[in-house]
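# Understanding the architecture of this molecule
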Amino acid sequence: MKTTLSAVAFALAAFGATAQTFPSKTITIVVPTAAGGGNDLMARTIAQKLGTLVGQSVIVENKAGANGAIASEHVARATPDGHTLMLGYIATHAMNPALQKLRYDPVTDFEPVGLVGYSATLMVANAATQVKDVKDLVAQLKAKPDRYVYATAGNGTAPHFAGELFKLNAGVQMTDVPYKGSAPALNDTLGGQTQFMFPSLFSALPHIKGGKLKALAIAGPKRSPLLPDVPTMKEAGVDGVEVQQWYGVFAPAKTPKDVVAKLNKVINDVLNDKDVIKRMEDHGADVETSTPEQLGSLVKSELVKWKSVVAKAKIVAD
């Protein structure tokens, strides 16, 4: 009995020491999209401050491809010690898994660490596109289907779902061109190879301010204070297109609970920093923190929601 109690005490002491010795090396935040996009900028904003707080280098590694599945699989199979993390978001942990069978499970293969924030989805057009507003676009597409093409960040991403919901609820056709992330999709929309896109406000706002993109509508329940003159999609005459993007930090499943708790605390500290908040808000993101449990509940509820949308809208992977 004495030996058993000693073994238990040793195990508990070892478990408690995990967080005290963490981190013991460089932390990598894996981003499921190409460099230069909104997710990438968000991760780098967090990494810069996080490294100072934990006393270790924090690097960002972009693993774009397969609509976020490459990065998700990589992190899901990484050593569960807290040194490999993922900036997951609505596409990797809700939409894409709702759309098709993947080689990772967004619930069982990850430990939620904490929410980062939200960003509205909006419909934008290349500044040179001869479309006045959403009503004008719908009229043009009904007169000439497939007149325009729109860019997506890949199947199962927010720009893909928003585009499909727009076509369904507006009763129009428009060809989609999938890219490996929002950055290359935005680049081609800026260049005029595609005329429209449904990016996050976080990704698009600098280009709207620069006059290279026209914001036509917010795909959400309310207008953005950063773009007060831009109507919601419902106000513009197309109901049923609401895609609020969210972002969170995830670790591989079986990462020790005390390490997850420490990561949650320091990441929440990062997100409470006034300079970090300003940088995020200047790009159109609303910072919001959470407990690991709250992020886990969000993932589960979002999976249910988007599986229902897939079924009702008959959205398919190209």
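Predicted model only: the values in this text are computed from it and were never measured. (Residues numbered from 1 in each chain as written. Predicted model: local features only at pLDDT ≥ 70, side-chain atom pairs only at ≥ 80, totals over all residues. Heavy atoms only, no water.)

Taking burial as the measure, the nine residues of strand β10 (residues 244–252) include eight buried ones, the bulk of the element. As paired strands, strand β3 (residues 84–89) and β10 are joined by four bridges and run antiparallel to one another. The residue of β10 that forms the bridge with Gly88 is Gly248. Across nine bridges, strand β4 (residues 110–120) lies against β10 in antiparallel orientation. Across the sheet, Gly114 pairs through a bridge with Val249, a residue of β10. (Buried < 20%, exposed > 50% of the residue type's maximum accessible area, 1.4 Å probe, protein only. Helix = DSSP H or I, 4+ residues; strand = E, 2+ residues; numbered from the N terminus. Pairing = 2+ DSSP bridges.)

Next up on the list: the confidence of the model for the protein chain. Counting all residues, the mean pLDDT for the protein chain is 92, and 94% of those residues have values of 70 or more. Below a pLDDT of 50 lies the segment residues 11–15, which in the model reaches three contacts outside its immediate sequence neighbourhood of four places, other chains included. (pLDDT = per-residue confidence, 0-100. Contact = heavy atoms within 4.5 Å.)

The next subject is the packing of helix α2 (residues 38–54) against helix α10 (residues 274–282). Geometry of a packed helix pair, given as the angle between the helix axes and the separation of the axes. Where α2 meets α10, the axes come as close as 11 Å, and the angle between the chain directions of the two elements is 175 degrees. Here α10 runs roughly antiparallel to α2, going by the angle between their axes. On α10, the residues touching Leu41, Met42, Thr45, Ile46, Gln48 and Lys49 of α2 are Val276, Arg279 and Met280. Per-class residue counts for the contact of α2 with α10 are five nonpolar, two polar and two charged. (Axes fitted to C-alpha atoms, helices over the stretch in contact; angles between N-to-C directions. Parallel < 35°, antiparallel > 145°, perpendicular 65-115°, else oblique. Nonpolar A, V, L, I, M, F, W, Y, C, P; charged D, E, K, R; others polar.)

Moving on: unusual backbone geometry. At the junction of Phe22 and Pro23, the peptide bond is cis and its omega measures out at -5 degrees in the coordinates. Located in the positive-phi region is Ala66, a residue other than glycine, with phi close to 55 degrees. Of note, Asn67 is a non-glycine position whose phi angle comes to about 55 degrees, a positive value.

Within the fold, Met174 resides in the loop between α6 (158–170) and β7 (175–178). Here Met174 falls in the buried class, since its relative accessible area comes to 1%. The sequence separation of Met174 and Asp105 amounts to 69 residues, and the corresponding C-alpha distance is 32 Å. In contact with Met174, not counting residues within four places along its chain, are Met123, Leu141, Asp146, Tyr148, Val149, Tyr150, Phe166, Lys167 and Phe196.

What follows covers the packing of helix α7 (residues 182–191) against helix α8 (residues 201–209). Between α7 and α8, the shortest axis-to-axis distance is 11 Å and the interhelical angle comes to 25 degrees. When the interaxial angle is binned, α7 and α8 end up roughly parallel. Judged by the twist between their axes, the crossing of α7 over α8 is right-handed. Packed against α7, whose contacting residues are Ser182, Leu186 and Leu190, the element α8 presents Ser203, Ala204 and His207 at the interface. Residues belonging to the contact of α7 with α8 are distributed by class as follows: three nonpolar, three polar and no charged. (Left-handed = near helix turned anticlockwise from the far one by under 90°.)

Attention shifts here to the sheet that holds β7. If you trace the five strands from one edge of the open sheet to the other, you get β7-β6-β8-β5-β9, paired in mixed fashion. Each of the sheet's edge strands pairs with one partner strand only, and the pair in question is β7 and β9 (213–218). Where strand β5 (residues 122–126) and β9 come together, five bridges link them in antiparallel fashion. Considered in β9, the bridge of Met123 is made with Ala217. α6 contacts β5, β6 (149–152), β7 and β8 (196–197) of the sheet and is inclined by roughly 145 degrees relative to β6.

This brings us to α7. Listed as buried for α7 are Ser182, Ala183, Ala185, Leu186 and Thr189. Across the axial projection of α7, the buried residues extend over an arc of 165 degrees, all falling on one side. In α7, the exposed residues that point more than 90 degrees away from the buried face are Asn187 and Gly191. Buried-residue contacts for α7 involve α2, β5, β6, β8, α8 and β9. Positive backbone phi, approximately 90 degrees, marks Gly192, located one or two places after α7. (Arc of directions from axis to C-beta.)

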